[in-house]
Structure formats: structure tokens, C-alpha cells
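So the chains spell out like this:
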Amino acid sequence: VEVRKLHDFFCSVFHKSNSPCDLFMNTSLPSVASVSPSAPILNNDDNYATSMISEYVSYSDIDRLIGRIKSEKAGGWDGVPSHVIRSLHNSKLFVFFIYTAFNIFIHHSYCPPEWNHLIITPVLKPGKNPLDPSSYRPIHLISVLGKLMA
């Protein structure tokens, strides 16, 4: 099938507004006042930047999510495969970094723009004509960390 036909077909069914970061940014986030003040990211008052940010997701939530990543899944355009993130599950420093980053991102209503970059790949539906663009379904590959945050 011609690449241009696939491109045109996928453009007709795919909308950029459905990207995970756009969905995240359109959800209502808890206000700082509604989050327990007894759950700061860091208890170290020397680190002002993070000691003033409330906890939106817990360390155990991040640890559990990283532990549930399926190692055989493909990564996104950043080239980081899921098995790499999954293999870092046992690193408390890595989990703490992701925990801190996600809470800061949520607090500031920020989503890294790179997480909006998708790779769209056509997959032929079983038993369908490979010359017909509607015989393909688009799958999108997104950053593993983008998936975790979404």
C-alpha cells in the first residue's frame, strides 16, 4: 500500500488532542489546599524547591507502577524501551527521582513536550487486504515515562 494513502487514512482517524499529555493537562488536579500538608515530597528544609510541593502521587504508587511495566513493550520516540525502565525498578534512587519529578510536574501543571511525540505504526488487521489502507489499524508508541504519568 502507498505510504501517502496510509498517511491520509491515519490523519482522518487520529486527532492530536488525544495525546496523553493533553488528556493529563485537561484533567482537574487537586489544589494544594486539598492535599495533606503532612505529606511533603522532601522533609529536608534545606531544599526549598521541593519542600514546598505537596505530594500528589505517593512513592509507593510510583514504585508499584514501575513494577507493573511490561518489559516486552516497545518504547516511544525517545528510544527508551520499557525493559530499561522496568529494570530500574529496584533502584530506590531512580524511583525517588521519578516520584519527585512527577509530583513537581503535577504541582506546576507541566507535561514534558517530548511526551507528546508519538510514533504511529500501521498494523495489518488479520485476514485483510494489505493494499487497502482501511485494512490497517494505527498503533501509537509513546514514551514509557509519559505512559506512567498519564
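Residues numbered from 1 in each chain as written. Predicted model: local features only at pLDDT ≥ 70, side-chain atom pairs only at ≥ 80, totals over all residues. Heavy atoms only, no water.

Undergrad: Can you tell me about the overall build of the protein, naming the residues and giving the values?
TA: Helix and strand counts for the protein come out as seven helices and two strands. Of the regular secondary structure in the protein, the N- to C-terminal order runs α-α-α-α-α-α-β-β-α. Per-residue burial for the protein yields a buried fraction of 31% across its 150 residues. As displayed, the protein offers around 9,400 Å² of accessible surface, 58% of which is attributable to carbon and sulfur atoms. (Helix = DSSP H or I, 4+ residues; strand = E, 2+ residues; numbered from the N terminus. Buried < 20%, exposed > 50% of the residue type's maximum accessible area, 1.4 Å probe, protein only. Areas by Shrake-Rupley, 256 points an atom, 1.4 Å probe, with all protein chains shown as cover.)

Undergrad: An account of unusual backbone geometry is requested, with residue identities and associated values reported.
TA: Across residues other than glycine, the phi torsion is negative in most instances, and most of the peptide bonds are trans. Positive phi, close to 50°, is recorded for serine 109, a residue that is not glycine. Position of serine 109 among the secondary structure elements: in the loop between helix H6 (92-107) and strand E1 (119-124). Serine 109 sits in the partly exposed class, given a relative accessible area of 40%.

Undergrad: Describe the nonpolar core, naming the residues involved and giving the relevant values.
TA: Counting 19 residues, the largest nonpolar core has Ile62, Ile66, Ile85, Ile98, Phe102 and Trp115 as its most contacted members. When contributions to this core are tallied by element, the ones reaching two or more residues are helix H4 (59-67), H6 and helix H7 (144-149). No other element matches H6, which puts eight residues into this core. (Core = buried A, V, L, I, M, F, W, Y, C linked by side-chain atoms within 4.5 Å.)

Undergrad: Go over the pattern of salt bridges, please, and point to the residues and values.
TA: Overall, the coordinates contain one salt bridge when judged by the stated rule. A salt bridge links arginine 64 to aspartate 61; the nearest nitrogen and oxygen atoms lie 3.0 Å apart. One end of the pair, arginine 64, and the other, aspartate 61, are both in helix H4, three residues apart, so they sit about a helical turn from each other. Judged by relative accessible area, aspartate 61 falls into the partly exposed class, the value being 28%. (Salt bridge = Lys/Arg side-chain N within 4 Å of Asp/Glu carboxyl O.)

Undergrad: Describe H6, and please don't skip the residues or the numbers.
TA: With 16 residues, H6 should cover 22 Å at 1.5 Å per step; its first-to-last C-alpha distance of 22 Å lies within 8% of that length. Considered for burial, the residues of H6 that qualify are Phe94, Val95, Ile98, Tyr99, Thr100, Ala101, Phe102, Asn103, Phe105 and Ile106. Serine 109 sits one or two residues past H6 and shows a positive phi near 50°. (Expected span 1.5 Å × (residues − 1).)

Undergrad: Describe the packing of aromatic side chains, naming the residues involved and giving the relevant values.
TA: A ring pair, where both rings are aromatic, is described by two values, the distance of the centres and the angle of the planes. Tallied over the entire structure, the rule returns five aromatic pairs. Measuring from centroid to centroid gives 5.8 Å for phenylalanine 96 and tyrosine 99, while their planes differ by 45°, and the two rings are tilted. Of this pair, phenylalanine 96 and tyrosine 99 are both found in helix H6, three residues apart, which corresponds to roughly one turn of the helix. By relative accessible area, phenylalanine 96 is classed as partly exposed at 30%. Judged by its relative accessible area of 4%, tyrosine 99 is buried. For the pair phenylalanine 105 and tyrosine 110, a centre-to-centre distance of 5.3 Å together with 65° between the ring planes defines the contact as edge-to-face. A relative accessible area of 37% places tyrosine 110 in the partly exposed class. (Phe/Tyr/Trp six-rings, centres within 6.5 Å; stacked < 30°, edge-to-face > 60°.)

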